[in-house]
Structures are given as C-alpha cells and as structure tokens.
Amino acid sequence: MRSIAFREALREAMQEEMRRDERVFLMGEEVAEYNGAYKVSQGMLAEFGEKRVIDTPIAELGFAAVAVGAAQNGLRPIVEFMTWNFAVLPMDQILNTASKMLAMSGGQIGCPIVFRGPGGSAGQLGAQHSTAFESYYANIPGLKVVSPSNGYDAKGLMKQAIRYEEDPVMFMESEVMYGDKCEVPEEEYYIPLGKADVKRQGRDVTIVSYNKMMKVALGAAIELEKEGISAEVIDLRTIRPLDWETIVESVKKTNRLVIVEEQWPFASISSEITYRIQKEAFDYLDAPIRRITSADAPMHYAPNLAALAIPDIDRTVRLVKEVINQKK
C-alpha cells in the first residue's frame, strides 16, 4: 500500500485504463495544457498527446455532444466538467441522448462514457457553484451515478466505470477532497458499481452517507462512541444502482437509521432510502428513520450561513441521540 492524494488516485485510474485501451480519451476545459483545473489530469497530455487529452472551448453542451457521438461510435470518452453545476448546460445530451440511446435503438447502440468532476459546496463559491447533483441524475433511467468518499474507492470505481460499464456513468467528486490522502495498493483493482461499504461496525444505530458527508458521518460516530453509543456507518459509494441490501441488513442489526447527505431535502437520496427501508425492514425499526440534509435553499456566500446550511458533526450527533431515545 502507498499513500497518495485523492486527485492522484483518479489520475492513476484514467492513466491505467488509457494505457490499456486506446479507445479511451479525456476531454474537457483545461484538462491538457493547464494539467486540469484541479490538477487531476496533471501530466496526461505529455504522456498521451493532444489527440487523447483534449482541451475544449467553454461550451459544455458542445463537447458533451462530441463525446456522446464518439461513445456511440465505439470510443470510450471521459468528460471532465469543471464543476457539475456547469453540466446543466449539456443536460439535453445527457438526458435525451446518452441515457436513452440504448433503449431507443433496441439495444443496438450503447453510450459507454464517464462524465466526471466536482460537485457540492466547496466553501465560499456562492449559490451557482455549490449544488450537489446526485439526486438529479439518479432520477434518470439509463444513467449510473457514483459518489465516492475517498481515493481508494474512487480509483477502483473509476476503473470499473471506464473499463466495464456500457451505460453512461456520472462520477461525482468533491474538490475539497482532492488533496485528501488515501492508501492505495500497488496491484490493479476494480470496485463493482452498486455495492455499498460498511466503513465502521456498530450495534445501536446505522448512519448512511456518501461523498464528503462521510467525514461527518464517521466524525459523528467517533463522538457518539465517547458516550457509549455504537454507530454503524455505511458508505453508499454508488447512488444508482443503490445497494439496498447492505442497508437493510444493518438496520436489522441496529434497529435505527439516520441518513446524512448534502442534497436538498425534497426528492433527495434520503427520501428514496427512507421509502425502501420502511418497505423492506419496517418491522425491524425501533424508531422513525431520520435524516439531516442541506438547507432547502440556495447556498449563501457568507461562511457563517454556508456552515449552517450543510450537515455537520454536532447536529448529526444530536439527531442520532434523538433517534436513540425515540420510539416508533
């Protein structure tokens, strides 16, 4: 094992797959000459050349359309969005073409493409650069949605998405995690999509989260342990397909469920999880399912308001305690 940064884990995944398969290429704004806006693609232009690491104009709809066409003609593009907030511009290509082509062509034309980049809040970036989009894309049949919390998972999931997935994959990262260190093995590995990971074993309550909110979930579990409350923490890793079974098995053991996510509350990932768990494991619940989400409002620029809008450890701890003391 060796310690590398989250961005390096992503870069290694892309490099390894590009070395293996000449059909794979990367395109996006500043991915080549500038080495990536967040230095995820650093050095890739020098290794693979300008035909496989392609700087695009600031025209997300245009270069997403080029990538979709390339994927339908046998290539395997990776498209970097500087932020997922900008990906609302090519929504027509993603929703009306990439996600639907396999069904509309009767299974004849697939769209093996990975759309990737950072999403969610990253500090004082204002409302237009701070949206978490997992629930948006998870609502679209034909797309797969990945949202890792650490570099180890990110590398394995990225390699899986590039090499094996024939559907479009929306790969949601977080720019505040790009510098996080992680342990990654020397040998090659892949992580199948659709399998959650129990990051911490527990007996009293299940906490489910993903992406950078896993730091909140794990931090809350540590604080709760100091007070004798044992929390099991599950990292979804993949939002669609969603691993219901792992959550159900955990709830059968702990009898309580809290969900922590950065989505707005209405029609969120936690809404879907809550429905499924009450349907599949209602008799095992000793208290109502609770959740903590971002505020139901655009993100403010002011740091004190931004902090209030996003789940944190203290509020998560308080919520878990309420669940522990509450009866169904």
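Scroll up to find the structure.
Everything numeric here is computed off the predicted structure, so don't read it as measured data. (Residues numbered from 1 in each chain as written. Predicted model: local features only at pLDDT ≥ 70, side-chain atom pairs only at ≥ 80, totals over all residues. Heavy atoms only, no water.)

(A) Focus on the packing of helix α1 (residues 6–20) against helix α7 (residues 151–164). Where α1 contacts α7, the two axes come as close as 8 Å, and the packing angle between them is 25°. Here α7 runs roughly parallel to α1, going by the angle between their axes. For the element pair α1 and α7, the recorded crossing hand is right-handed. Within the contact between the two elements, α1 uses Phe6, Ala9, Leu10, Glu12, Ala13, Met14, Glu16, Glu17 and Arg20 and α7 uses Gly151, Ala154, Lys155, Met158, Lys159, Ile162 and Arg163. Residue composition of the contact of α1 with α7, by class: eight nonpolar, one polar and seven charged. (Axes fitted to C-alpha atoms, helices over the stretch in contact; angles between N-to-C directions. Helix = DSSP H or I, 4+ residues; strand = E, 2+ residues; numbered from the N terminus. Parallel < 35°, antiparallel > 145°, perpendicular 65-115°, else oblique. Left-handed = near helix turned anticlockwise from the far one by under 90°. Contact = heavy atoms within 4.5 Å. Nonpolar A, V, L, I, M, F, W, Y, C, P; charged D, E, K, R; others polar.)

(B) Structural context of a negative patch on the surface. On the surface, a cluster of negative charge is made up of Glu30, Glu33, Glu50 and Asp55. Within the secondary structure, Asp55 is located in strand β3 (residues 53–55). Exposure remark for Asp55: the relative accessible area of 33% places this residue in the partly exposed category. (Patch = residues over 30% accessible without salt bridge, like charges linked within 9 Å, V, L, I, M, F, W, Y side chains within 5 Å. Areas by Shrake-Rupley, 256 points an atom, 1.4 Å probe, with all protein chains shown as cover. Salt bridge = Lys/Arg side-chain N within 4 Å of Asp/Glu carboxyl O. Lys, Arg positive; Asp, Glu negative; His and termini not counted. Charge placed at Lys NZ, Arg CZ, Asp CG, Glu CD. Buried < 20%, exposed > 50% of the residue type's maximum accessible area, 1.4 Å probe, protein only.)

(C) Structural detail: a nonpolar patch on the surface. Judged by side-chain polarity, Leu61, Val88 and Leu89 come together as a nonpolar surface patch covering roughly 260 Å² of accessible area. By the element assignment, Leu61 lies in helix α3 (residues 60–72). Residue classification places Leu61 among the partly exposed residues on the basis of a relative accessible area of 41%.

(D) Representation of the sheet that holds strand β9 (residues 197–200) within the structure. The mixed open sheet is built from five strands, whose spatial order is β9-β11-β10-β13-β14. Sheet topology places β9 and β14 (290–292) at the edges, where each strand pairs with a single neighbour. For this sheet, the mean inter-axis angle between neighbouring strands, taken without regard to orientation, is 25°. Packing against the sheet, helix α9 (residues 244–254) makes contact with β9, β10 (205–209), β11 (231–235) and β13 (257–260), and its axis sits at approximately 175° to β11. (Pairing = 2+ DSSP bridges.)

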